[in-house]
Amino acid sequence: MSRSWKWDFEEPSRVRATPQPPAPGAPAPGAPVPDEPRAAALAATFRRRRGAAALVFVLILVAALVSLLGSSHRAAAPRAGTSAAANAAALPPGSGASAGASGDPVKAVLSYTPFLVAGGAHGREVALTFDDGPGPYTPEVLSVLERSHAPATFFAIGKMERYFSASTAREVQDGDAVGDHTQSHLALATLSAHEQREQLFEGIARVEIAGAPRPELFRPPYGSFNATTLAELHSLGLLMVLWSVDTNDYLQPGAPVIVERALAGARPGAIILMHDGGGNRAQTIAALPQIIHDLRARGYALVTVPRLLRDDPPAAGLPIPHSLAGD
């Protein structure tokens, strides 16, 4: 599949109108128009402009309603063949069993910290996370997760939704969580406040258009962020999710190395970073079944980040880290 994108397919075609000769009996261009025809012409122009204004108002109203409806959380369908407990574990926040008596776990954590590197250390849960999709390899990643009945969390790049939004819809159907990874995968610390907000908001909008609930989670590309980023995340209600284990799978070190790195950093509450987009992900796909098997053999349950926050949230008062290396 070609890795080059063509953005001009969304541009409307522009056809120049061909001048038409005046109808018989019509006044020549620039000639004075009698009072009654002039009044009729003005009235027709007014009606056209009023109709255009009404159409614009209706379109704005429809867009506002779509945004409002999209911001509410929609329940995701469970994976086929999973138990009731596993299905409840895979549900995104705000969808019945996942919300529980404690409400939205992401908002609960946001009430005392703007970020997390890992969950708490009191349980036996681990979160697999994937960045830079959706892309050509995302369906194969999803197939491995589905066969293993393993939920995960995906951080999506907004512009990729133009081509691979079907994978995001599939993630939602599987009960996976979908977060924002900006619109264009830029290092946020290098951007102005306005540019950062555009990257964040456009990424949110693209994920919602793809059929996912409005993202509450965010992961900074390259681990790049600053105080401005945190302020913008606060205004948008986004929790920054970093990671405790970086497999560096984007460097394609080989499937055995990816497996070794994932398992070496496995701890209660670990958040493991991998990639489903941004390049050839065949090694990640090859490593994933072994990672899932070995984590479970060690007694770890695989959960989404929202489920991890509900079951074993991070401690309060942790110092905010500096920008991290990584992708």
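Residues numbered from 1 in each chain as written. Predicted model: local features only at pLDDT ≥ 70, side-chain atom pairs only at ≥ 80, totals over all residues. Heavy atoms only, no water.

Peer 1: Sorry if this is basic, but what is going on with the pattern of salt bridges here?
Peer 2: Oppositely charged side chains may form a pair once their charged atoms are brought near each other. The full count for this structure, using the stated rule, is 9 salt bridges. We note a salt bridge from R206 to E202, for which the minimum N-O separation is 3.3 Å. With R206 and E202 both in helix α6 (residues 193-209) and 4 residues apart, this pair spans about one turn of that helix. Residue classification places R206 among the buried positions, given a relative accessible area of 17%. For E208, the salt bridge is made with R214, and the minimal N-O distance between the two is 3.8 Å. The partly exposed category is assigned to R214, whose relative accessible area is 22%. (Salt bridge = Lys/Arg side-chain N within 4 Å of Asp/Glu carboxyl O. Helix = DSSP H or I, 4+ residues; strand = E, 2+ residues; numbered from the N terminus. Buried < 20%, exposed > 50% of the residue type's maximum accessible area, 1.4 Å probe, protein only.)

Peer 1: Honestly, unusual backbone geometry in this entry has me stumped. Any pointers?
Peer 2: In this structure, P134 follows G133 across a cis peptide bond, with omega equal to -5°. Structurally, P134 is set in the loop between β2 (125-133) and α4 (138-148). Even without glycine at this site, N248 takes up a positive phi of about 55°. Positioned with a positive phi, Q252 is a non-glycine residue whose angle comes to about 55°. Considering the arrangement of structural elements, one finds Q252 in the loop between β7 (245-246) and α8 (255-264). By relative accessible area, which is 36% here, Q252 ends up partly exposed.

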